[in-house]
Amino acid sequence: MRIRALAIRIIRQFVRDKRTLALLFLAPLLILTLMKLVFNGNTVEPQIGAVQIPAALVERLEKADAEVTTYDTAAAAEQALQDGDLDAVLSLGGGGKPAITLEGSDPASSKMVLLLLQRMMGADMPAVQPSITYLHGSEDMASFDSFGPVLIGFFSFFFVFMLAGVSFLRERTSGTLERLLATPIRRSEVVLGYLSGFGLFTLLQAALIAWFAINVLGLYMDGSIWLVLMMNLLLSLTALTLGTLLSSFASNEFQIIQFIPLVVVPQVFFSGLFNLDSMAPWLQKLSTIMPLYYGADAMRGIMIRGEGWSDIQLDVYVLVGFSTVFALLNVLALKKHRAI
């Protein structure tokens with residue numbers, strides 16, 4: 001009887017907690033659906049620029065599912081490669097020897113292009129070995145160097161999100177927030193005060209993760225460490241404001257965890273760990289509402305391609321915008337605790 005009574009009580013608790021039921025039954029379906037859309041999308045076609053290449057070879061590359069764009073000059077092709085529009089440039093150097101210049105920021109893409117080009121040219125020019133150069137990275141660049149910047153941003157985002165959500169929730173459940181709101185302090189001052197307090201630990205964590213990945217793990221680094229720290233801090237600040245906002249809609253720590261498969265996990269699929277070109281066009285547009293996409297894009301640009309402020313400023317402005325909007329929504333969310 002006691003076992004049955006305990007079981008019935010637990011069942012009733014679950015039935016009353018609609019959020020837990022959604023996490024249990026709907027969240028796995030959402031994640032599986034995202035995985036199906038991501039991994040079962042379009043085939044990724046190598047983007048190859050051709051300069052003074054025989055038409056027969058261009059035709060063979062196109063038949064091998066490569067998207068080939070012909071250029072009149074090597075300078076135009078190199079500029080397209082620099083802009084990220086191409087994965088490689090194939091040209092004829094001195095003495096008619098083929099030369100391959102790889103974009104190089106994604107080792108998997110570089111290997112795919114190399115295998116395709118070497119196979120195609122081997123059929124036409126078996127005795128000629130092409131000259132291979134890299135615009136970014138090198139042939140020794142590992143896959144971890146490619147997605148490592150994304151992981152730096154993800155771990156900063158994830159752990160700050162959890163820290164902010166749980167900490168702010170405890171402020172509410174312990175009665176500290178209610179006592180604070182009983183004073184003449186403004187809601188905006190409350191939000192800024194909490195963000196400043198949590199922000200100190202956010203700054204330390206962002207700096208520690210970036211330093212450890214680059215100096216201890218030896219992650220490939222071609223840009224400015226200060227820009228990396230700035231982007232990691234902005235991404236952590238976005239997670240901080242989002243975590244405190246969502247904690248306003250949770251009544252315990254478990255409900256904070258319930259937000260992870262709905263808020264954090266979907267961003268992983270659009271962060272750059274997986275090739276967005278393989279997704280359907282309508283699915284790729286979802287990345288524009290994912291803060292982690294902008295942070296990871298800037299981090300990869302700085303660390304792998306050596307990009308500077310002019311290249312990442314759009315990502316910076318978007319993350320600042322996300323943080324500002326979430327902070328303002330935090331102010332509005334405090335209305336249910338006290339109207340000022």
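Read on for a plain summary of the structure.

### As for the overall build of the protein
Working step 1: When its secondary structure is counted, the protein shows 14 helices and five strands.
Working step 2: With 340 residues in all, the protein has 44% of them scored as buried.
Working step 3: Relative to all contacts within the protein whose residues are 6 or more apart in sequence, the contacts with residues 24 or more apart total 73%.
Working step 4: Accessible area for the protein stands at about 17700 Å²; split by element, carbon and sulfur atoms hold 64% of it.

### Here's the deal with the packing of aromatic side chains
Working step 1: The tally for this structure, following the rule as stated, stands at eight aromatic pairs.
Working step 2: Ring geometry for Phe-154 against Phe-155: centres 5.4 Å apart, planes inclined by 55°, an arrangement best described as tilted.
Working step 3: With a centroid separation of 6.1 Å and an interplanar angle of 85°, the aromatic rings of Trp-309 and Tyr-317 are classed as edge-to-face.
Working step 4: Counting every residue linked through ring pairs, the aromatic cluster contains Phe-154, Phe-155, Phe-158 and Phe-159.

### Digging into the packing of helix α9 (residues 225–247) against helix α14 (residues 309–333)
Working step 1: Relative to each other, α9 and α14 sit at 20°, their axes nearing to 8 Å. Viewed along their axes, α9 and α14 adopt a mutual orientation that is roughly parallel. As for the relative orientation of α9 and α14, their crossing is left-handed in sense.
Working step 2: Considered class by class, the residues forming the contact of α9 with α14 number 18 nonpolar, five polar and one charged.

### What about the pattern of salt bridges?
Working step 1: Per the counting criterion, the structure on display carries one salt bridge.
Working step 2: With a shortest N-O distance of 3.2 Å, Arg-305 and Glu-307 are connected by a salt bridge.

### Things to note about the nonpolar core
The tendency in soluble globular proteins is for nonpolar side chains to be buried side by side.
Working step 1: Core analysis: the biggest nonpolar cluster contains 53 residues, and Phe-161 and Met-231 have the highest contact counts within it.
Working step 2: For this core, the elements supplying multiple residues, two or more each, are α6 (143–173), α8 (187–216), α9, α11 (260–269), α13 (291–305) and α14.
Working step 3: Considering each element in turn, this core owes the most residues, eleven residues, to α6.
Working step 4: Here Met-231 is in contact with Tyr-294, Gly-295, Ala-298, Met-299, Ile-302, Ile-312, Asp-315, Val-316 and Leu-319, once residues within four sequence places are set aside.
Working step 5: Residues Val-58, Ala-88, Leu-102 and Val-113 belong to the second largest nonpolar core, which totals 16 residues.

### A word on the environment of Leu-117
Working step 1: Looking at where Leu-117 falls in the secondary structure, it is placed in helix α5 (residues 107–124).
Working step 2: A C-alpha to C-alpha distance of 9.8 Å links Leu-117 and Ala-64, two positions 53 residues apart in sequence.
Working step 3: Non-local contacts of Leu-117, meaning those with residues more than four positions away in its chain, are made with Ile-48, Leu-61, Leu-90 and Ile-100.

### Focus on the sheet that holds strand β2 (residues 67–71)
Working step 1: Read across the sheet, five strands follow the order β2-β1-β3-β4-β5 without closing on themselves; strand pairing throughout is mixed. Either end of the sheet is taken by a strand with one partner, and the two such strands are β2 and β5 (131–134). Between one strand and the next, the sheet's axes are offset by a mean angle of 20°, whatever the strand orientation.
Working step 2: Pairing between strand β4 (residues 98–102) and β5: four bridges, direction parallel. Of the residues in β5, the one forming a bridge with Ile-100 is Ile-132.
Working step 3: Taken strand by strand, helix α3 (residues 55–63) contacts β1 (47–51), β2 and β3 (88–92), and its axis lies near 155° from that of β2.

### A few points about the environment of Asp-65
Working step 1: Looking at where Asp-65 falls in the secondary structure, it is placed in the loop between α3 and β2.
Working step 2: Separated by 51 residues in the primary sequence, Asp-65 and Leu-116 have C-alpha atoms spaced 9.6 Å apart.

### A few points about the packing of α9 against α13
Working step 1: Contact geometry for α9 and α13: axes closest at 10 Å, N-to-C directions at 170°. Classified by the interaxial angle, the pair formed by α9 and α13 is roughly antiparallel. Each of Leu-227, Val-228, Met-231, Asn-232, Leu-235 and Thr-238 in α9 lies in contact with α13, whose residues at this interface are Pro-291, Leu-292, Tyr-294, Gly-295, Ala-298, Met-299, Ile-302 and Met-303.
Working step 2: Class assignment for the residues of the contact of α9 with α13 results in eleven nonpolar, three polar and no charged.

### What to know about the pairing of β4
In regular strands, side chains alternate between the two faces of the sheet.
Working step 1: The element β4 is largely enclosed, with a buried count of five among its five residues.
Working step 2: Taking every second residue as pointing to the same face, both faces of β4 are buried, with Pro-98, Ile-100 and Leu-102 on one and Ala-99 and Thr-101 on the other.
Working step 3: Sheet topology places β3 next to β4; five bridges connect them, and they run antiparallel. Note that in β4 the partner of Ser-91 across the bridge is Ala-99.

What counts and what doesn't
- Residues numbered from 1 in each chain as written.
- Predicted model: local features only at pLDDT ≥ 70, side-chain atom pairs only at ≥ 80, totals over all residues.
- Heavy atoms only, no water.
- Helix = DSSP H or I, 4+ residues; strand = E, 2+ residues; numbered from the N terminus.
- Buried < 20%, exposed > 50% of the residue type's maximum accessible area, 1.4 Å probe, protein only.
- Contact = heavy atoms within 4.5 Å.
- Areas by Shrake-Rupley, 256 points an atom, 1.4 Å probe, with all protein chains shown as cover.
- Phe/Tyr/Trp six-rings, centres within 6.5 Å; stacked < 30°, edge-to-face > 60°.
- Axes fitted to C-alpha atoms, helices over the stretch in contact; angles between N-to-C directions.
- Parallel < 35°, antiparallel > 145°, perpendicular 65-115°, else oblique.
- Left-handed = near helix turned anticlockwise from the far one by under 90°.
- Nonpolar A, V, L, I, M, F, W, Y, C, P; charged D, E, K, R; others polar.
- Salt bridge = Lys/Arg side-chain N within 4 Å of Asp/Glu carboxyl O.
- Core = buried A, V, L, I, M, F, W, Y, C linked by side-chain atoms within 4.5 Å.
- Pairing = 2+ DSSP bridges.

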